[in-house]
Each structure stands twice: as structure tokens, then as C-alpha cells.
Amino acid sequence: MNTPSDRRLRSIVIVGGGTAGWMAAASLARYLKPLGTAIRLIESEQIGTVGVGEATIPPIMQFIRSLGIDEDELIRATRATFKLGIEFRDWTQAGRRYVHPFGQAGYDMEGVPFHAWWLKGGRPGRLEDYSLMATAGGQGRFMRPVAKRHSPLEGITYALHFDAGLFARYLRTYAEQRGVVRTEGKVVETVLKPDNGFIDHVVLDSGEKVAGDLFIDCSGFRGLLIEDALKTGYDDWTHWLPCDRALAVPSPRLAQPPSLTAVTAHEAGWQWRIPLQHRTGNGYVYSSAFTSDERARDVLLSNLEGGALADPLALRFTAGRRKRAWEKNCVALGLAGGFLEPLESTSIHLIHRGIALLLTHLPDRDFEPADTVRYNCIVNAEYERIRDFLLLHYAFTERSDALWRHCRNLPMPDSLKDRLDLFRGYGRIASEPQELFPVQSWLYVMMGQGITPRSHDPMADRLAPGQISQALGELRQVVRACADAMPDHAAFIAGTCAA
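Colleague: Describe the overall build of the chain, with residues and values.
Modeller: Looking only at helices and strands, the chain features 15 helices and 22 strands. Dimensions along the principal axes, computed over C-alpha positions, put the chain at roughly 75 × 50 × 50 Å. Of all intrachain contacts in the chain linking residues separated by at least 6 positions in sequence, the fraction that spans at least 24 positions is 77%. Carbon and sulfur atoms provide 49% of the accessible area of the chain, an area that totals close to 20500 Å². Looking at charge distribution, the chain has the averaged site of its 57 positive side-chain charges lying 2 Å from that of its 58 negative ones.

Colleague: Tell me about empty space enclosed by the protein, and name the residues and values.
Modeller: Per the counting criterion, the structure on display carries 2 cavities of 30 Å³ or more. Computed from the structure, the largest cavity encloses a volume of approximately 110 Å³. Of all the secondary structure elements, the ones that give two or more residues to the lining of the largest cavity are α9 (347-360) and α10 (369-395). With 5 residues, α9 is the single largest residue contributor to the lining of the largest cavity. A breakdown of the residues in the lining of the largest cavity according to their chemical character gives 9 nonpolar, 3 polar and 2 charged. In this model, the second largest cavity occupies a volume close to 30 Å³. Lining of the second largest cavity is provided by Thr56, Ile57, Pro59, Ile60, Ser345, Ile348 and His349. At the level of secondary structure, the elements contributing two or more residues to the lining of the second largest cavity comprise α2 (59-66) and α9. Classifying every residue of the lining of the second largest cavity gives 4 nonpolar, 3 polar and no charged.

Colleague: A description of the packing of α2 against α9 should follow, citing residues and the corresponding values.
Modeller: Interhelical geometry of α2 versus α9 gives an angle of 45 degrees and a closest axis separation of 9 Å. In terms of their interaxial angle, α2 and α9 are classed as oblique. As for the relative orientation of α2 and α9, their crossing is left-handed in sense. Note on element contacts: α9 touches α2 through Ile348, His349 and His352, opposite Pro59, Ile60, Gln62 and Phe63. Of the residues that constitute the contact of α2 with α9, the class distribution is 4 nonpolar, 3 polar and no charged.

Colleague: Please set out the packing of aromatic side chains residue by residue, giving values where relevant.
Modeller: Inspection of the entire model under this criterion finds 23 aromatic pairs. Pairing Phe162 with Phe167 gives two aromatic rings, centres 4.3 Å apart and planes at 20 degrees, and the pair type is stacked. Phe167 matches Phe162 in its accessibility class, with the two residues each being buried. Judged by centre distance (5.5 Å) and plane angle (15 degrees), the ring pair of Tyr394 and Trp404 falls under stacked. On the criterion of sequence distance, the pair formed by Tyr394 in helix α10 and Trp404 in helix α11 (residues 402-408) is long-range, its members being 10 residues apart. Chaining the aromatic ring pairs together yields one cluster made of Phe88, Trp91, Tyr98, Tyr394 and Trp404.

Colleague: Would you mind going over the sheet that holds strand β12 (residues 214-217) in detail, with residue names and values included?
Modeller: By way of backbone hydrogen bonds, the strands of a sheet pair with one another, either parallel or antiparallel. Within the open sheet, the 6 strands sit side by side as β8-β2-β1-β12-β21-β20. Their pairing is mixed. Strands at the two margins of the open sheet, each flanked by one partner only, are β8 (181-184) and β20 (326-327). Inspection of the sheet shows β20 paired to strand β21 (residues 330-332) by 2 bridges, in the antiparallel sense. Bridge pairing in β21 places Trp326 opposite Val331. Contacts from helix α1 (residues 18-32) reach β1 (11-15), β2 (38-43), β8 and β12, with the element oriented near 170 degrees to β2.

Colleague: A description of the nonpolar core should follow, citing residues and the corresponding values.
Modeller: Counting residues in each nonpolar core, the largest one holds 139 residues, and the members touching the most others are Ile14, Leu171, Ile216 and Tyr394. Ignoring any residue separated from it by four or fewer positions in sequence, one finds Ile14 in contact with Gly21, Ala24, Ala25, Leu28, Ile39, Arg40, Leu41, Ile42, Ile216 and Cys218. If you look at the next biggest cluster of nonpolar residues, it comprises 16 residues, including Ile42, Val202, Phe215 and Ile226.

Colleague: Describe in detail the pattern of salt bridges, supporting the description with residues and values.
Modeller: Within the structure shown, the criterion is met by 35 salt bridges. Among the salt bridges present, the one from Glu45 reaches Arg182, with a minimum N-O distance of 3.4 Å. In this pair, Glu45 is assigned in the loop between β2 and β3 (53-55) and Arg182 in strand β8, connecting sequence segments 137 residues apart. Assessed through its relative accessible area of 58%, Glu45 is described here as exposed. The network of salt bridges with common partners includes Glu43, Glu45, Arg182 and Glu184.

Colleague: Could you give me a rundown of the sheet that holds strand β15 (residues 261-266), with the residues and numbers involved?
Modeller: What the 7 strands build is an open sheet, ordered β6-β5-β15-β16-β17-β14-β18; its pairing is mixed. The sheet is open, and its two edges are formed by β6 (97-101) and β18 (313-316), each paired on a single side. The sheet shows a mean angle of 20 degrees between the axes of neighbouring strands, taken without regard to direction. Pairing analysis gives 5 bridges linking β15 to strand β16 (residues 269-275), with the strands arranged antiparallel.

Colleague: Break down the pairing of strand β17 (residues 279-286) for me, with residues and values.
Modeller: Most of β17 sits out of view: 8 of its 8 residues are buried. Every second residue of β17 is oriented toward a common face, with Arg279, Gly281, Gly283 and Val285 on one face and Thr280, Asn282, Tyr284 and Tyr286 on the other, all of them buried. Sheet analysis places strand β14 (residues 245-252) next to β17, joined by 8 bridges and oriented antiparallel. The residue of β17 that forms the bridge with Pro250 is Gly281. With 7 bridges joining them, β16 and β17 adopt antiparallel strand pairing. What sits directly across from Pro275, in β17, is Thr280. Where β16 folds back on β17, the antiparallel hairpin that results is connected by 3 residues.

Colleague: Tell me about the side chain of Glu382, and name the residues and values.
Modeller: Its place among the elements puts Glu382 in helix α10. Among the polar contacts made by the side chain of Glu382, one reaches the side chain of Arg353 at a distance of 3.5 Å. Sequence-distant contacts of Glu382, that is, excluding residues within four places in its chain, are made with His349, Leu350, Arg353, Gln434 and Leu436.

Colleague: Provide a residue-level description of α2, including the pertinent values.
Modeller: Turning to α2, its buried residues are Ile60, Met61, Phe63 and Ile64. Burial along α2 is one-sided: seen end-on, the buried residues are contained in an arc of 155 degrees. Those residues of α2 that are buried are in contact with α1, α3 (71-77), β7 (159-163), α6 (164-177) and α9. Phi for Gly68, located one or two positions after α2, is positive at around 75 degrees.

Definitions and limits used
- Going along each chain's sequence as written, the residues are numbered from 1 onward.
- Reporting in this predicted model follows two pLDDT cut-offs: at least 70 for local features of residues, and 80 or more for side-chain atom pairs to be given and counted; totals over whole chains, interfaces and linings ignore these cut-offs and use all residues.
- To get the side-chain values, take all heavy atoms of the structure and skip hydrogens and water.
- By the criteria applied, helices consist of DSSP H or I runs no shorter than four residues and strands consist of E runs no shorter than two, each listed in order from the N terminus.
- Residue contacts follow a heavy-atom distance rule, with two residues in contact if any of their heavy atoms lie within 4.5 Å.
- To measure how exposed things are, a 1.4 Å probe is used in the Shrake-Rupley method; for residues, cover is taken only from the protein chains shown.
- Counted charges follow a simple rule, with Lys and Arg positive, Asp and Glu negative, and His plus the chain ends left uncounted.
- Where a charge lies is defined by one atom per residue type: Lys uses NZ, Arg uses CZ, Asp uses CG and Glu uses CD.
- Space inside and on the surface of the protein is sampled on a 1 Å grid over the protein atoms alone, with a cavity defined as a set of points where a 1.4 Å probe fits but cannot get out and a pocket as an open set with protein on both sides within 12 Å along at least 5 of 7 lines; lining residues have an atom within 4 Å of a point.
- Grid points are joined across faces, edges and corners, and a volume is the space filled by probe spheres set on the points.
- Side-chain classes follow a simple rule in which Ala, Val, Leu, Ile, Met, Phe, Trp, Tyr, Cys and Pro form the nonpolar group, Asp, Glu, Lys and Arg form the charged group, and the remainder, Gly included, forms the polar group.
- Between N-to-C directions, angles cover 0 to 180 degrees, with each direction set by a line fitted to C-alpha atoms, over the stretch in contact for helices.
- Throughout this description, any angle smaller than 35 degrees is read as roughly parallel, any larger than 145 degrees as roughly antiparallel, any in the 65 to 115 degree range as roughly perpendicular, and the remainder as oblique.
- Here a crossing is taken to be left-handed if its near helix is turned anticlockwise relative to the far helix by less than a right angle, and right-handed if that turn runs clockwise.
- Only centres within 6.5 Å qualify two rings of Phe, Tyr or Trp (six-membered ring in Trp) as a pair; their planes then separate them into stacked at under 30 degrees, edge-to-face at over 60, and tilted for everything else.
- Only protein chains enter the accessibility calculation, which uses a 1.4 Å probe; a residue whose area is less than 20% of its type maximum is buried, one above 50% is exposed, and one in between is partly exposed.
- The rule for pairing is simple: two strands pair if DSSP sees at least two bridges between them.
- Throughout this description, the term nonpolar core refers to a set of buried Ala, Val, Leu, Ile, Met, Phe, Trp, Tyr and Cys residues connected via side-chain atoms within 4.5 Å.
- We define a salt bridge as a contact between a side-chain nitrogen of Lys or Arg and a carboxyl oxygen of Asp or Glu at a distance within 4 Å.
- In the analysis that follows, any N or O atom pair within 3.5 Å is treated as a polar contact, provided that within protein one partner can donate a hydrogen and the other can accept it, and provided that, for residues neighboring in sequence, both atoms belong to side chains.
- By construction, the arc corresponds to the directions joining the helix axis to the C-beta atoms.

Encoded structure:
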């Protein structure tokens, strides 16, 4: 029985299912069950979800493990494959490619970062030759890390490609087994408290009123609670990220699924290819200012491997984020909180990050304002850093298509300009604590986009040229040998976690 001093959350209402809703439900059930908090999720089968093949980044593995989920079981249930990075094709110029790999590349030598002494050594070979994930991904290989000290095999870092609809279904089962109650229905009204503007309850199309202490808005682009009811406003970033539409379509499975997400530039945007065990997810993200919907459809369908298995699903979006993801007693997750195109597979990460931050700033029924302010500050900074990383891919290109010429003249946030100025000087890379993209990510994408520093870090002059040359040669040999020792990606799946 609650005492007068017991201000713990008694009930949480999640509006909307899909990936965001069921990720939130699963996490909250996992961590708040000991508190006795009732969790209810409202969704309607009549409202479709995006639910396409989804590419993720390594933090998804932390999310899976934090829930105590058996990894192989999840992979079988979601028809998943493994991912070691992203391959960018024709991005700066037709015929050119580069890889943004996961994990560590190289090593520090006498306190000098790898990229500093690689630049000092004259950049021999391809940058990908020093990354096991890039090399193995290029060969279509995969294995999980092994306990082998001082070997790149110990540091294998990976993520997953999975069917987002099956992922949400799996998490629904997980959440319901832990007490989450699902209600079928549509929210038709949100009623605010007259004294403080907090959400008191939502009204369903059945007439039922559902009250709660905390509301999680997972209602998609519309932002049923965070925007329609609470009017938080939206930061439109179209002037930085001009793509505003997408088409998604499945195609037949690949006999040899690659362990890299493929991203290919086209005349007015870019196409993704995500290999799954049962099919391949494809999509074309494009700018309606530079092409028609009909032309975009033709480009997508003419660049599929094996033909389409369904009609393309059309999506419209505005790049940006809510001005405040947490407003009063409502937290927005997923598309309700904002949208950044999936060029670097950050969509699910932002859901995971929002949930993790909510748990570390968990309110009671008094909702201390300082926690809300801090949460929004962290979420906003996360969106801005990802925005800058995406813009980096657009602002430096030699392609002659109208969109890409436009992108060369895009305005640049001071935060990105400062990073680039730092790198162009001595190859130094800024990295903030808790930043999603580490030094290596910025290095591989900046070099892949053709951005090169004027010189190397003077601290690398402590190392003799012969010492650097020998270390680089040995590193390339070790990476190549480790990649050659890894099994074929399809064979690994068949032997461990085939659906």
C-alpha cells in the first residue's frame, strides 16, 4: 500500500507500438518490475508501422544483453544477419567506394594514436587494410570475438541486420511475459490537467479513459502526445539534410549475405541494401526537390538484385527533432522524437539511448524539472552530433548530379566546421565523452569523403620512419591473416543461428 511519502511512479502508459514502443515496454518491464509500476501499451493493428529490414550499430548488442535475451534465439526469431560496418558506393564519385567499419583499427604506439602515425608514414595501402571489420566485411566473413590476447580477433565488434517487424514482435512477447498489458485501440483525445498542463489521461476510440503518471509517446511522425497535445515544436533541419522521402521494398534473399550494409549514391539520394536470412531489405532515400516520386521508384526498382517482392512503401519525413523530447510527464521516442535518415543506421540507437537516459533520470510523481532539462540537453546534443556526421557525407562530393552539387554548398553548423578545421590542420579528431561516433568513425568517413589533413600530428615525429613502416606492414599482414581465418558469413549463420 502506498504511504504519503511514497512518490514512485504507479503507472506508465506507452502510446504506440512498433520498434520504439516495444523496446520501451521491454526495458521498462525489465527494470521497473521490482518497483511494482504498471506498464500499459496502447496500439492499433489498423495503424501500420514502417517495419522494414533494419540495420543497427553495435550499441544494439548492449541493449539485447541488458535484457538477458539469448542472442542466437533473437537472431533466429528476427531472421537476422551480422553487420561489421557500412560500405559506401559511388558516394563521392561513380566507381569509388569506402567502408566505415566498426571497432578499433590499428593501435597507439608510444602514446601516438594510430591515425597520427599512419599519416606520418605516408598513408600506405588503403585505410580499410588496417581494420579487421572492414577487411572481413569486404570478404563476406564473420565470427564473434575470441579470447586471443593482442589479436584483432579479440576486438571483433558487430551489430545486426534484422526484420524490424519481427524484432518488435519478439519484444512484445518478452514484455507481456513480464507484465506489460497491451490494449488494442486508437487514441482520439489527450486530456491535460488544468493546473499544470501535464497529461491526465488519453481517450481511446472505444471511449475508455487511460490515466497514467508517465506517458511515452511512440506514435510516430505525428507525435500524438508530444506535439498534438503538448505543442513542443520541431526543429526542421531540411536546410542541412535535404532528403525528405523514401521508398522501401523487399527483394529475394542473397545466397551469400554480406556482413556490411551497402549504401549506394544515386542521382537524387541513396539506396540501402540490408541482407536478412529470408529476404533483402532495400530502400531509396531521396529529395523531392530534385526528382519525382515516379523517377525515384524507377531508380529503386531498376537497382534491385532479384526483383521486388512487393510494391514499394512510400514514406515522407522532415529531418530534425522535437525541441524537447521530454515535456512535463511525456517522453517521446522513435519517430515521435525526431527523424534522421538511416544513412548511418542510428534510428534504433536513438530509441535505445532515449530509454537508457530515461532510466538514469527516472522521475517520481513530482517530476523534478532539473532532470527533464538535463535529459533534453543530452538528447539534443546526441541528435546534433549525428546530424553533423550525416552532413559530413553530403558536403564533400565530386558527383555532378543536381542534388549533389546543391549539397556541396550546404550551410555547415559551427560544430562540424570546427571538427573539420581541426582535422585539416594536423589530422586531429575531436571526440567528446559518451559520443556515439568514436575517433575511428570520423577518420574513416572524413578520409573516405576525400578530406585530408595538411600535415600530421607533430607528436608522431617521435617515431622513426622505419619503425612506422615496419609497424604498418606487420599490421596489414595480421589483419589479413585474421580475416582469412574467419568463416564465411553465411556458413557462420548456418552453423550457429539459422532461422
